[in-house]
Each structure stands twice: as structure tokens, then as C-alpha cells.
Amino acid sequence: MSVLVVGSIALDTVKTPFEEHADLLGGSASYCAVAASFFSPVKLVGVVGDDFPKQHVDFFRDRNMDLAGLQTVAGKTFRWSGEYMLDMNVRETRSVELNVFEHFNPVLPAEYTDSKFILLGNIGPNLQNHVLDQVKAPQFIIADTMDLWMNIAMDELKRLLTRIDMLILNDGEARQLTQQTSLVKAGQQIQQMGPKYVAIKKGEHGCLLFGPGTRFFSCGAYPLEDVHDPTGAGDTFAGGVAGYLANTNQGEVTFEDIRKAVVFGSVLASYNVEQFSLERMRTLTQQDIQDRYESFRLFSQFEVLT
Ligand code: AMP
């Protein structure tokens, strides 16, 4: 089963306390799609300008993506620039140039409209809703979002929440959305707004997964010695979750599937932050993923009380 991925495709400039790199491949859809492609085929929907380097399109193609939904229009690609502090959980956006992204209209090619697994990467909720308007009978819809949309498009975001199966967002965003300090209360409150499943990411501290009733899973983060660039960790996590679920599910998605999916998502995100942009994804192998899944399992295991 393939995953339909929509989101931003960007050229990023990223500064950490140790390094700075300009015009890197970035954007929510790029990270989501590449991560998902480790588990399932991907159909990519996004927009780039005519300055977008061919090597990046080749990279997507090398990951076996269907690029019929990738629009190339006259003008400059979306550009984003961010700077990380010594605590790399803290980031400041330095600049955003919307460029061709300003008028992005995600029109699905006809053959995409019967997609079953949908990953709505971080873009305006009006565009995420517009994608959902075009799919005929989706089986499982995951959406990512950010604080910006809570500030400027809350009504559209609330409408989106009633249409999706799972929301992925970070701790600060969950608090902003619900006005709750407790992440447990925030997760439960977001479920009441629509999605059956909610994953709240806590940066280098892992994530909380809320399912139906009392179903709950606290997933740590793989402990890394060196983080080089945290950009896209959340999108990579979401891509890993969606790709794993699309690959394993023919029938209904269960809480147990999603538990495993968030561990795979965390494993992929942990690899992604080891290098700038999507560089680490170019050399990552299935064996690397399996190996880290297993060591992560051993690091996180508790003994049964006797
Ligand atoms: P993350 O680190 O998960 O927040 O994702 C970072 C990526 O999101 C970068 O590659 C940016 O190009 C992209 N991005 C930043 N701001 C936006 C925005 N307003 N809409 C869509 N994508 C964005």
C-alpha cells in the first residue's frame, strides 16, 4: 500500500552553534516522503520553483517515489532559514520566503484520488483540507501541524481535526492548542477534537501516544551522542509512522500497529538528525533500521515484577 504525502518542499539554510549550511534540501514533504519510502511506495504532492536543483528530484526518484503530483512552476522555491541554540531543542526561524509556495494549490492527479494512506505534512490546514476534499475513500489519515496555523488559521485547523485519524504535533503546540499544561490532559483533549490517535513529540525526550480509551504508550527517544541538525526530525518521524502503517496494514489499523510505527518513526528521526538536511537518509539501510530498532528495544525494556 502506498502513502500519499503532501507538504512543503524547500531550500533551507540551517545554522547550529557549530556549523552553517545554505540551500539544503528541506521542507515537510521532503522529510516525510523520504522517511516513508523506507517502508512503502510514496506519491508526492508539492511545488517547487524552476530553480530547484535536478539532483533533489533525482534523489526523490531514486527513492522510488511517484512524482506525478510534484508541480514545477516558474519562480523561486520556498526558502526557510533557522538557527539552533546550544540546547538544540530551541530553534529560531530567521527567515521565510514563500515564493512559489504562496500560490500552491495541491491538485491530486486522478490516479492519486483513491489513495488509502494519507500523510498531510505541515502546511496550512486549508491546503490539508483541500487534499482531503479530493480523496475518495481514505483508510487512515495522519496530519502534522505547527503553532503558526494555531495563530492564523485555527478554524481551518479545527475542521481538519474532525476529518483525520491521527494528529502528530510537538509538546508546545499541544499546550497551545488546548491551553493545558499537562501533556496527558492535552492529548486527551485533542482526541475530543476529532483524531482517534494523537502523538505528542517531546524533542529529544521521545513521544506520548494516545489511543482509544485508556490506550497509552510512552516512547523514549533513541539516546544519541551527536546531533548535527534536528531540522525535519518531526517530519521524518511522521513519515516513518505513515510508511510503516501503510506497509503493514491491509485491514484496520490497530493501537499495537501504531505503537510499533512510532518506534520506527523515532528510529528514522534519530538517524536523520545525525547529518544535515536529508544526507543521512542517502546512506541509511534497512539493516541500520532493524539494528537500531532492536537496540532501542533493549534500552527501553523493563523487567516484569515478580
Ligand atoms: P521541523 O524541523 O519538523 O519543524 O521541519 C522543518 C522543515 O519545515 C524545514 O525543512 C522547513 O523548510 C519547513 N517549514 C518551515 N516553516 C514552514 C511552513 N510555514 N510551512 C511549511 N513548511 C515549513
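Located above this text is the structure these notes cover.
These notes cover the structure that comes with them. These numbers were taken from a predicted model, which means no experiment stands behind them.

Observations concerning helix H2 (residues 54-62)
Argument step 1. Of all the residues in H2, the buried ones are His-56, Val-57, Phe-59 and Phe-60. Projected onto a plane normal to the axis of H2, the buried residues spread over an arc of 155 degrees and lie on a single side. Residues of H2 that are exposed and angled more than 90 degrees away from the buried face: Lys-54, Gln-55 and Asp-62.
Argument step 2. Against strand S2 (10-15), strand S3 (20-26), helix H1 (28-36), strand S4 (42-49), strand S5 (66-73) and helix H10 (279-283) lie the buried residues of H2.
Argument step 3. Asn-64, located one to two residues past H2, shows a positive phi value of around 65 degrees.

Focus on the environment of Leu-169
Argument step 1. Along the chain, Leu-169 falls in strand S10 (residues 166-170).
Argument step 2. Under the relative-accessibility criterion, Leu-169 is labelled buried at 0%.
Argument step 3. On a C-alpha basis, the gap between Leu-169 and Ile-200 in space is 5.3 Å, while along the polypeptide they are 31 residues apart.
Argument step 4. Apart from residues no more than four positions distant in its own chain, Leu-169 is found in contact with Thr-145, Met-150, Ala-174, Leu-177, Ile-190, Val-198, Ala-199, Ile-200 and Lys-201.

Let's talk about the site of the ligand
Argument step 1. Around the ligand, the surrounding shell holds 17 residues, and the nearest of these are Ser-8, Asp-12, Gly-27, Arg-91 and Gly-232.
Argument step 2. In the environment of the ligand, an oxygen atom lies 2.8 Å from a nitrogen or oxygen atom belonging to the backbone of Gly-232.
Argument step 3. Contacts to the ligand include Asp-235, whose side-chain N or O atom sits 2.8 Å from an oxygen atom.
Argument step 4. Here the ligand has 510 Å² of accessible area as a free molecule, and 88% of this is covered by the chains.
Argument step 5. Secondary-structure elements contributing two or more residues to the shell around the ligand are S2, strand S6 (78-84), helix H4 (147-152) and helix H8 (233-248).

Reading the values: rules and limits
- Residues numbered from 1 in each chain as written.
- Predicted model: local features only at pLDDT ≥ 70, side-chain atom pairs only at ≥ 80, totals over all residues.
- Heavy atoms only, no water.
- Buried < 20%, exposed > 50% of the residue type's maximum accessible area, 1.4 Å probe, protein only.
- Helix = DSSP H or I, 4+ residues; strand = E, 2+ residues; numbered from the N terminus.
- Arc of directions from axis to C-beta.
- Contact = heavy atoms within 4.5 Å.
- Near = heavy atom within 4 Å.
- Polar contact = N/O pair within 3.5 Å; in protein donor to acceptor, adjacent residues only side chain to side chain.
- Areas by Shrake-Rupley, 256 points an atom, 1.4 Å probe, with all protein chains shown as cover.

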